[in-house]
Amino acid sequence: MTSESHVAPGGLPPWADYALLPLLNLVAALAVSALVILAIGENPLAVMTVMVGEALGYPEAIGYTLYYATGYIFTGLAVAVAFHAGLFNIGGEGQAYLGGLGAGLVALAVPGWPWWAAALAATGAAALFGAAWAWVPGWLQARRGSHIVITTIMFNFLAAALMTWLLVDVLIKPGQQSPESREFDPGVWLPTMDRVLGWFGVTVAPSPLNLSFLWALACCGLVYLFLWHTRWGYGLRVVGRNERAAVYAGISPARAVMLAMALSGALAGFCGVNDILGVQHRLLLNVTNGVGFVGIAVALMGRNHPAGIMLAALLFGVLAQGGGQVSFDFPRLNRELVMVIQGLVILFAGALEHLFRPQVAALFRRRGEG
Amino acid sequence: MEDAVTTILLLLDSAVRVATPLVLAAFAGLYCERAGVVDIGLEGKMLAGAFFAAATASATGDPWLGLAAGVTAGVALALLHGFACITHNGNQVVSGMAINILVAGLAPTLAFAWFSLGGQTPLLPGSARLPAVAFPGTAAAADIPVIGPVYAILFGKVSVVVLLAAAVVAVSAFVLYRTRFGLRLRAVGENPAAVDTAGISVTRLRYQALVVTGVLTGMAGAYLSIAHGAGFVRDMTAGKGYLALAALIFGKWRVGPTLLACLLFAFIDAVQIRLQGVALPVVGVIPVQFIQALPYALTVLLLAGFVGRAVPPRASGQPYIKER
C-alpha cells in the first residue's frame, strides 16, 4: 500500500500545506454537507448554527463535546502513530472495544480499591488489551506478510464476536436478560471532571467528561515526544518513509511495525477507560460506536500531528454533540447526519486531499511572479 | 432418512439465498481489484444500492425501476471512488472508508427525511419486489418420487437476482479469461506501466472496471432490499461487503475459488442458523458468535500463509502515475 503523499511540483509554503489546504478541504466537505441538508429541505445555515450552539453554547454542552473529543483524540493518535510507520490501522474500533474489556475486567475485579489505584490498573489493562489486539495484525504483517488493512478489518469483526460471546455467555449479570456485566463498585468509577473541579472549589455543570480527558491531552504530548524526540520514534518514521533506507540504517522494519501497532492499539484502548470506567460503569455491547473510524478522519484532518489531532478531535466532538442535538430542533433531520459529515470530511481531507493543490499552487506561483 | 434429505436441501436453498449478495459483491470487488483498485467500499455501495432500490420501488411501485436506481447509486459511488483514486491519485483505502461511512449516514438520513419511519422505507408490497420464477416443470415433476420434491425445493421459486448472479459468474469467467478486455483488465492490475506502454489508457480501463463494480454492488444491495427483503432497514448490509472482501481474498482473486468461498461462507451461515442451541457430539454447543466469526478468522489465517498463499494483484492499491 502506498500511503506517502505525492507532492505536486511548485511546492507550497508550509502554512499553506498544513493549514490552508486542510481548511479548504474542510470547507468543501461542509459545503457538500450543506447541500445534503438543503436537499432534505432544511436551512443549512440554521442547522449549523444550532449545531455549534448545542456543542459550545453552554457549560454542560461543552462537557459533552470534550467527552466525545477525548475518545477521538485517543483513536486519532492511534491512527497517526501507525500512519507514521506507513501502516493504515482500520482496527481502532476493535482495539477500543478490547481496551474497554481490559478496563472493565480490572474494575470488576478490584472492588474496594481507591479510585486512583483502580484507574491506574484499569488504564494499564486497557493499554495491554488494545495493544495485544493490534500487535497480532502487526506481527502478521511483519512476519507473515499479510496485509494490515485487511487483517485489522477482520479483527474488528473478531472483536465484536468475542465481546458478544463474552457478554452473552460469560460476563452477563446473573438473572438478567440484556447482555451487560454487573455495575462496577462506585468506589472505582473514574471521577467526572465536575467532581474533580469540585474538590478545588470550582463548580461546573455535570457531564460525562471525566479525568481521561487530561490523560488524552497528556498522550498528545507523549506521542509528540515519542515520534520526534526518541530513537524508536525516529526509527518508526524512517520505516514509514522508506523501508529500504531503514534497513540500511540498521533499523528493523519488522520491529518498528510491531512497535507502532502495539502503541497504536494501546492508544485506541484508552477509549475504553473514557467510556467504560468513566461513563458506563459496566461492560456492555457496542460502546465504541464508530470511534475507531472517526479516528481516521481526525488523523487525516490533523495531518497526523498531535496538535492538529487535538483541534480535529475538538471539531469532531462538536459534530458528535451538536449533530446529535440537531434532530430535536429539526424534525426532518436525524442523528445519522453526523456520519454524513464525517464521511465527507474523510473523503475531502483524505482521499481528495490534493483536490485544490494545483489551483492553490498556481495562485502562489502567479503571486510570486507578479 | 427423508427428513435428513429435506434438511440438507433446505440448507442448500438458504445457502444460495445468503450467497447471492455475497457473490455479486465479491465479483464486484474482483473486477476493480484485478484492475488494481482496492475497494473496501463494497459495503457502502451495497448499502446505497439497497436504499435507493427500496426507496424507488416504494415510490413508483416498480421493482425494475428500483433495481435501476440501486445500480445507478452503486455506479455513482464507484465513479466517486474513481475520481478520488484514479483521477486524483488519492488513497484508495481512505476513499473506500469514506464511502462506507458516508453511506452509513446518508441512507438512514434520507430515509428518515423522505419516509418519516425512523430510518426505514415502508414495507414493500409483493408487486414492488423483484419476482421469483419457477423453473419449467417444477409443478409437473412434483409427483415423481425423490427427484420431484428435490427439484421443487431447489428450483420452485428462484429470485431473478439469483439467476442474474449465476449469469454474472458465468459471464465473468468468460470476460476475464477469454476476452481482450479481460486480458487488459488483469494486466493493468499487475503492471499498469506495461499496459500504458502498449498505448492503452490505464485510467480508462480502471474506470471501466469500477463501473462494473458499481453495477454489481448496486444489484447486490437491491437483492437485499427488494428481492430477498421487503424494504430498506438501517444497516441492512450488516458487514456483508466486508465478508465479500474476505471471500475475494479467500478465493485468491480468481473466479472459481471466489465463487466457492462465497458458497462456503453462505453454507457456514446457513448451518449456523440451523445449529443454534443444538448440542453436537464431543464439542457440545458451539457459541453462535464463533461460527459467525469463522470466515473472518479463516481469512486472517489464509493471509498469514497458514492455509496457502493469497497474492493480490501486484499493482493493487497503487495509483498509477504516468512518467513525464
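Residues numbered from 1 in each chain as written. Chains lettered and ligands numbered in written order. Predicted model: local features only at pLDDT ≥ 70, side-chain atom pairs only at ≥ 80, totals over all residues. Heavy atoms only, no water.

Re the overall build of chain A
Secondary structure assignment for chain A yields 15 helices and zero strands. Radius of gyration (C-alpha) of chain A: 21 Å, near the 21 Å computed for a compact globule of 370 residues. With respect to the three principal axes, the spread of C-alpha positions in chain A is 75 × 55 × 40 Å. Out of the 370 residues in chain A, the part that is buried amounts to 56%. (Helix = DSSP H or I, 4+ residues; strand = E, 2+ residues; numbered from the N terminus. Rg over C-alpha atoms; globule rule 2.2 N^0.38 Å. Buried < 20%, exposed > 50% of the residue type's maximum accessible area, 1.4 Å probe, protein only.)

Topic: the confidence of the model for chain A
Within chain A, residue pLDDT values average 89, and 97% of them lie at 70 or more. Across residues 1-9 of chain A, confidence stays below pLDDT 50; counting only partners more than four residues off in sequence or on other chains, it has 20 contacts. (pLDDT = per-residue confidence, 0-100. Contact = heavy atoms within 4.5 Å.)

Quick word on the side chain of B:Thr213
When you line up the elements, B:Thr213 lands in helix α10 (residues 202-228). Here B:Thr213 falls in the buried class, since its relative accessible area comes to 0%.

Section: the packing of aromatic side chains
In this structure the tally under the stated criterion is 15 aromatic pairs over all chains. On the numbers, 5.6 Å between centres and 55° between planes, the contact of A:Phe74 with A:Phe270 is tilted. Within this pair, whereas A:Phe74 is found in helix α3 (residues 59-84), its partner A:Phe270 is found in helix α11 (residues 253-280), the two being separated by 196 residues in sequence. For the pair A:Trp215 and A:Phe270, a centre-to-centre distance of 5.4 Å together with 75° between the ring planes defines the contact as edge-to-face. Of the two residues, A:Trp215 sits in helix α8 (residues 212-229) while A:Phe270 sits in helix α11, which places them 55 residues apart along the sequence. Joined through ring pairs, the aromatic side chains of B:Phe51, B:Phe52, B:Trp114 and B:Phe232 make up one cluster. (Phe/Tyr/Trp six-rings, centres within 6.5 Å; stacked < 30°, edge-to-face > 60°.)

Thoughts on unusual backbone geometry
Most peptide bonds are trans, and most residues other than glycine sit at a negative phi. All names here are of chain B. Phi angles above zero are rare outside glycine, and Ser116 is one such case at about 45°. Taking the relative accessible area as the measure of exposure, Ser116 reaches 58% and is therefore exposed. Located in the positive-phi region is Lys252, a residue other than glycine, with phi close to 50°. The topology assignment puts Lys252 in the loop between α11 (240-250) and α12 (255-275).

Quick notes on the interface of chain B and chain A
Between chain B and chain A, the contact holds 46 residues from the first and 46 residues from the second. Remark: the boundary between chain B and chain A carries one salt bridge. With a closest N to O distance of 2.3 Å, B:Arg234 and A:Glu336 form a salt bridge. Run the count over chain B and chain A and you get four residue pairs in polar contact (both at pLDDT 80 or more). Broken down by secondary-structure element, the contributors of at least two residues to the side of chain B that touches chain A are α3 (63-87), α4 (92-115), α11 and α13 (288-303) of chain B. For the side of chain B that touches chain A, the leading source of residues is α4(B), giving 15 residues. (Salt bridge = Lys/Arg side-chain N within 4 Å of Asp/Glu carboxyl O. Polar contact = N/O pair within 3.5 Å; in protein donor to acceptor, adjacent residues only side chain to side chain.)

Comments concerning α10(B)
Residue and element names in this part refer to chain B. Spanning 27 residues, α10 covers 37 Å between terminal C-alpha atoms, matching the ideal 39 Å at 1.5 Å per step. Of all the bends in α10, the largest measures some 35° and sits at Ala222. The element α10 is largely enclosed, with a buried count of 19 among its 27 residues. Where α10 begins, the side chain of Ser201 points an oxygen toward the backbone nitrogen of Thr203, at a separation of 3.4 Å. (Expected span 1.5 Å × (residues − 1). Bend = angle between axes of the 7 residues up to and from the residue.)

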